[in-house]
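The primary structure of each chain is shown beneath.
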Amino acid sequence: MIFKKSDDKLEEYQKKCTTLLNKLSHPNVTVITTDMIKVFTLVNDQCEMEECIEFISLFVKTLYQKALREPLFYQDYVYLLNHIIKSDFESNFTSMIVNHVKTTCDFLIECLLRIVNSDKDEATGDDTGEEMFDLSQDHKGFCRFLSELYLHQHIPLPVISNVLDELQKLYSTSTDSCSIIEKIVSNYCNICYPLIKSEYFPIETYIQPLHEWSANKNIPSKTRFLIADLIEEFESID
């Protein structure tokens, strides 16, 4: 029981962390971020390295799950990350975030692929993926969250470009089903939209297919308007 005191402290900080994350929303993001920084400072000062990593792991998982449940606040989640990932454990943060993103993106592609292939078997995945991907839902928030993570250098280029490449492949092999084409194209556009003003992302490569897709009458008009807005926004950039 030599680590009992330390374990109790860590559990206390984990509860504080979860409570703060549950309260996070756009109106209070600055206050919550300030309070969260205080918790991280205490953890860094009072816990062993292994405990710090355990704490970070729980924090990233809880934040990521919140981002999936309440995606409209995606910019606030990234704002919080920007301010707390300033420590000796930055590499741990990055690897954990990348792992969560890869898992969820892989599950999205798998779900879409099964529908394209008319495979009615249930897809397999971890709790993060299953919680996220009811394909009847709108995934705009998650797609924008993904792009924000890239724009703020929390995930590398190959992670996000791989998702877009896979969506292009799915489109090219999909049937004439309006619903599945709409899911593929809308997710693609919602990932691209925040990236059009990025100095480093090769957005031209990913805008090009949209010119062809916009002529596809099997895509619902709402999604074709999304394509048109994206192309227009891109072409308006100096």
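What counts and what doesn't
Here the residue numbers are simple positions, counted from 1 along each chain's written sequence. Only residues with pLDDT of at least 70 are given local features in this predicted model, and only at 80 or more are side-chain atom pairs given and counted; all residues enter the totals for whole chains, interfaces and linings. Each side-chain value is worked out from all heavy atoms of the structure, with water and hydrogens disregarded. The numbering of helices and of strands both runs from the N terminus, where a helix is a DSSP run of H or I of at least 4 residues and a strand a run of E of at least 2. It only takes one pair of heavy atoms within 4.5 Å for two residues to be counted as in contact. Aromatic contacts are taken between Phe, Tyr and Trp rings whose centres are within 6.5 Å, Trp giving its six-membered ring; a plane angle under 30 degrees counts as stacked, one over 60 as edge-to-face, and the others as tilted. Burial classes: relative accessible area under 20% of the type maximum marks a residue as buried, over 50% as exposed, and values in between as partly exposed (1.4 Å probe, protein chains only). The method works on a 1 Å grid over the protein atoms by themselves. A cavity is a set of points holding a 1.4 Å probe that cannot get out, a pocket is an open set with protein on both sides within 12 Å along at least five of seven lines, and residues with an atom within 4 Å of a point line them. Grid points are joined across faces, edges and corners, and a volume is the space filled by probe spheres set on the points. Only one rule defines a salt bridge in this text: a Lys or Arg side-chain nitrogen within 4 Å of an Asp or Glu carboxyl oxygen. Confidence scores labelled pLDDT are given residue by residue by the predictor and lie between 0 and 100.

**Some thoughts on the environment of leucine 24**
Next up, step 1: Here leucine 24 shows up in the loop between helix H1 (4-23) and helix H2 (29-46).
Next up, step 2: Taking C-alpha positions, leucine 24 is 8.8 Å from phenylalanine 73, a pair spaced 49 residues apart along the chain.
Next up, step 3: When neighbours within four sequence positions are excluded, leucine 24 is seen to be in contact with Val29, Ile32, Lys66, Tyr77 and Leu80.

**Quick notes on the side chain of lysine 66**
Next up, step 1: By the element assignment, lysine 66 lies in helix H3 (residues 49-69).
Next up, step 2: Beyond its immediate sequence surroundings of up to four residues, lysine 66 is in contact with Leu21, Asn22, Leu24 and Tyr77.

**Observations concerning the packing of aromatic side chains**
Next up, step 1: On inspection of all chains with the given rule, the structure shows eleven aromatic pairs.
Next up, step 2: Taken together, a centroid distance of 6.2 Å and an interplanar angle of 90 degrees make the contact between tyrosine 77 and phenylalanine 145 edge-to-face. One end of the pair, tyrosine 77, is in helix H4 (residues 74-84); the other, phenylalanine 145, is in helix H7 (residues 140-151), with 68 residues separating them in the sequence.
Next up, step 3: Ring centres of tyrosine 150 and phenylalanine 201 lie 5.6 Å apart, and the angle between their planes is 70 degrees; this geometry places the pair in the edge-to-face category. With tyrosine 150 in helix H7 and phenylalanine 201 in the loop between helix H9 (178-192) and helix H10 (203-213), the pair connects residues that are 51 residues apart, well separated along the chain.
Next up, step 4: By relative accessible area, phenylalanine 201 is classed as buried at 3%.
Next up, step 5: Each residue in the set Tyr150, Tyr171, Tyr188, Phe201, Tyr206 and Trp213 is aromatic and connected to the rest through ring pairs, giving one cluster.

**Let's talk about empty space enclosed by the protein**
Here the idea is plain: a probe the size of a water molecule rolls over the atoms and shows the empty space left.
Next up, step 1: Across all of its chains, the model carries one cavity of 30 Å³ or more by this definition.
Next up, step 2: Computed from the structure, the largest cavity encloses a volume of approximately 50 Å³.
Next up, step 3: The set of elements that each furnish at least two residues to the lining of the largest cavity consists of H3 and helix H5 (90-116).
Next up, step 4: Per-element tally for the lining of the largest cavity: the top contributor is H3, with three residues.

**Considerations on the pattern of salt bridges**
Next up, step 1: One pass over the full model with this rule turns up six salt bridges.
Next up, step 2: Between arginine 114 and glutamate 110 there is a salt bridge, and its shortest N-O distance comes to 3.4 Å. You can see arginine 114 and its partner glutamate 110 sitting in helix H5, four residues apart, about one turn around the helix.
Next up, step 3: Of the residues examined, arginine 114 reaches a relative accessible area of 22% and is grouped as partly exposed.
Next up, step 4: For glutamate 110, a relative accessible area of 23% gives the class partly exposed.
Next up, step 5: For glutamate 233, the salt bridge goes to lysine 197, with nearest N and O atoms at 3.7 Å. Of this pair, glutamate 233 sits in helix H11 (residues 221-235) while lysine 197 is found in the loop between H9 and H10, placing the two residues 36 residues apart along the sequence.
Next up, step 6: Judged by its relative accessible area of 26%, glutamate 233 falls in the partly exposed class.
Next up, step 7: We classify lysine 197 as exposed; its relative accessible area is 63%.

**A closer look at the confidence of the model for the chain**
Next up, step 1: When pLDDT is averaged across the chain, the result is 84; 85% of the residues are at 70 or more.
Next up, step 2: Low pLDDT (under 50) marks residues 119-132, which in the prediction has 25 contacts with non-local residues, meaning those over four places away or in another chain.

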